Amino acid sequence: MDSLKLIEGFDTPKISKYINSLPSQITHVRYNAVMLTMTYEYKLQPTPEQITTIEQTLDVCRSVWNFALRQRKDWCNSRKSAINACSIQSEYIISADEPFPNYHKQAKQLTEAKNQYPQLKLVHSQVLQQTLRTLDRAWDDMKNRGFGFPRFKNKYRMRSFVFPQLGKDPIRNDSIKFPKLGWIQWRQSRPLPEGFLFKQARIVRKASGYFVMLSLQLNIDVPNPMPHGHPRGLDLGYDKFVATSDGEEIKRPRFLKTMQRKLKLLQRRLKNKQKGSNNRHKLNQKIARLHQRISDTRKDWHYKLSHHLCDGAGMIFVEDINFVSWQRGMLSKQNADAGFGQFANILEWVCFRRDVYFAKVNKDGTSQTCPNCGAYTGKKTLDIRFHHCNECGYKTTRDVAASLEIRNRGITAVGQTVVENVCGLEATGSIGHDTLVGTGRSRKSASRGVGIPHFKDIEHSEVA
Ligand SMILES: [Zn+2]
């Protein structure tokens, strides 16, 4: 427990309070082996000269990115034509034993190129290496994870660069020191937590100015919240953004939709503007500002919603969905701008901060089972919005039924007697008696996202 003192700057009263309040029969707290990494973002106030240097750095990074990408593409193109045929398009001839230009090869070339192109020397060498590394990662993601092809960048698309490390004592009260840039003033909108190590610093150009994102790493293990208290299942969807097992349904806020419509309007106007013209540039900036406002507003709403969902809950369960690809599939049908992936990440983080246990459960067929009696109710098309069980006569909306089923699966997964939490139950008042019988599996086996048996395997109490 002493290690917790190290992170006093970090908001831990909830965690320490929870550990102190653990029943005495629990003798150990499971420590998470994962180190805690957080990103703090601050607004920079650079001088005009520093702005010039930042823009210059972005420009050099952009040419390095585009050159390295061209090199990779050329290598691939030179190999796509059959050996006994000619390609219709012209391609560079690259000898057959020429190895693929991977990160190490390109980084070496970069060092050699510095003698020829002095502008490369204006930028810190590690920054350029990071650019190559990012390209390398994007390339791997394209091959292994089905992401899109890395794009060539114009000046609007190259927005940030990374210092993998800062010098000694880089932080003062009013300014922060970067290699080659010197001391830049910043607005310290919140104090930096103590006991953290700097991992890296990223300078980002946004529509509203320049920002620095500091990655901070805490070199101690932080306990994950234990399963306890009131369980709550969440069903995410397009119709309702989220439905909870306590019967609450939350829609996407209207203000996001309105802003989205406004953005569409501006984007449509782009095609009337001549490329490279001043008016087009101005309109682009207007669009960028709106983009940022939308993303800030949405993020803020995600945080508020996550805190709201944590209120009165001790455990939160969601479906084990890859939200990013799921949303991509839906996007073709609806012009939804829901940001489920971001929300899932924020929710997990807020749960951790609020000392709420968070777990993902098996996603298959959550809408095909009656949460009340466990009967199979069959597949439903998306237009069926109500759940009506023929076996037990249980009626509720489709989304709430799914969230109840998710909650049931979660309770099964943690497989434990829920520590009675009378006030929490009275406050939410949705479950009669919450003393579920454990499955006999040990607490240790209840880790995140494990394969979960069907909830019929256990006795479970009535669901309100
Ligand atoms: Zn039923």
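Bear in mind the structure is a predicted one, so any value in this text is a computation, not a measurement.

Quick notes on the rules
- Residues numbered from 1 in each chain as written.
- Predicted model: local features only at pLDDT ≥ 70, side-chain atom pairs only at ≥ 80, totals over all residues.
- Helix = DSSP H or I, 4+ residues; strand = E, 2+ residues; numbered from the N terminus.
- Buried ≥ 20, exposed ≤ 12 C-beta atoms within 10 Å, placed from the backbone.
- Pairing = 2+ DSSP bridges.
- pLDDT = per-residue confidence, 0-100.
- Contact = placed C-beta atoms within 7 Å.
- Expected span 1.5 Å × (residues − 1).
- Core = buried A, V, L, I, M, F, W, Y, C linked by C-beta atoms within 7 Å.

## Topic: the overall build of the chain
Turning to step 1, where the next piece is worked out: On a plain count of helices and strands, the chain comes out with 10 helices and 13 strands.
Turning to step 2, where the next piece is worked out: Across the 464 residues in the chain, those meeting the buried criterion constitute 23%.

## Section: the pairing of strand S10 (residues 315-319)
Turning to step 1, where the next piece is worked out: Counting buried positions along S10 gives 5 out of 5 residues, so the element sits mostly inside the fold.
Turning to step 2, where the next piece is worked out: Across 3 bridges, strand S7 (residues 231-236) lies against S10 in parallel orientation. Note that in S10 the partner of Pro231 across the bridge is Met315.
Turning to step 3, where the next piece is worked out: One ladder, built from 5 bridges, connects S10 with strand S11 (residues 357-361); its direction is parallel. Pairing of Val318 across the sheet is with Lys360, part of S11.

## Some thoughts on the sheet that holds S11
Turning to step 1, where the next piece is worked out: Reading across from one edge, S9-S8-S7-S10-S11 is the order of the 5 strands in this open sheet, with mixed pairing throughout. One side of each edge strand has no neighbouring strand; the edge strands of this open sheet are strand S9 (249-250) and S11.
Turning to step 2, where the next piece is worked out: In terms of strand pairing, S7 meets strand S8 (residues 242-244) through 3 bridges, oriented antiparallel. Looking across to S8, one finds that Asp235 is bridged to Ala243.

## Observations concerning the confidence of the model for the chain
Turning to step 1, where the next piece is worked out: Residues with a pLDDT of 70 or more make up 77% of the chain, whose mean pLDDT is 77.
Turning to step 2, where the next piece is worked out: Predicted confidence is poor over residues 1-33, with pLDDT under 50, and the contacts of this stretch with residues over four places away or in other chains come to 38 contacts.
Turning to step 3, where the next piece is worked out: Across residues 417-464, where pLDDT falls below 50, the model places 77 contacts with residues more than four positions away in sequence or in other chains.

## As for helix H9 (residues 398-414)
Turning to step 1, where the next piece is worked out: If you check H9, its first and last C-alpha atoms are 25 Å apart, about what 17 residues at 1.5 Å a residue would give, namely 24 Å.
Turning to step 2, where the next piece is worked out: With 17 of 17 residues buried, H9 is to be regarded as a mostly interior element.
Turning to step 3, where the next piece is worked out: The positive-phi residue at the C-terminal boundary of H9 is Gly415, with phi of around 45°.

## Quick look at the nonpolar core
Turning to step 1, where the next piece is worked out: Core analysis: the biggest nonpolar cluster contains 31 residues, and Leu234, Met315, Ile316, Phe317, Val318, Val356 and Ala359 have the highest contact counts within it.
Turning to step 2, where the next piece is worked out: The set of elements that each furnish at least two residues to this core consists of S7, S8, S10, helix H8 (340-353), S11 and H9.
Turning to step 3, where the next piece is worked out: For this core, the element with the highest residue contribution is H9, accounting for 8 residues.
Turning to step 4, where the next piece is worked out: Beyond its immediate sequence surroundings of up to four residues, Leu234 is in contact with Val242, Thr244, Leu309, Ile316, Phe317, Val318, Ser403 and Ile406.
Turning to step 5, where the next piece is worked out: In terms of nonpolar packing, the next biggest core, distinct from the first, is built from 21 residues, Val60, Phe163, Ile184 and Ile203 among them.

## Overview of helix H6 (residues 278-310)
Because an α-helix completes one turn every 3.6 residues, residues spaced three or four positions apart along the sequence face the same direction.
Turning to step 1, where the next piece is worked out: Between the first and last C-alpha of H6 there are 48 Å, a value that for 33 residues agrees with the 48 Å anticipated at 1.5 Å per step.
Turning to step 2, where the next piece is worked out: Turning to H6, its buried residues are Arg298, His302, Ser306 and Leu309.
Turning to step 3, where the next piece is worked out: Here the buried face of H6 lies against S7, S8, helix H5 (254-269), S10 and H8.
Turning to step 4, where the next piece is worked out: Downstream of H6 by a residue or two, Gly312 has a phi angle that is positive, lying close to 75°.

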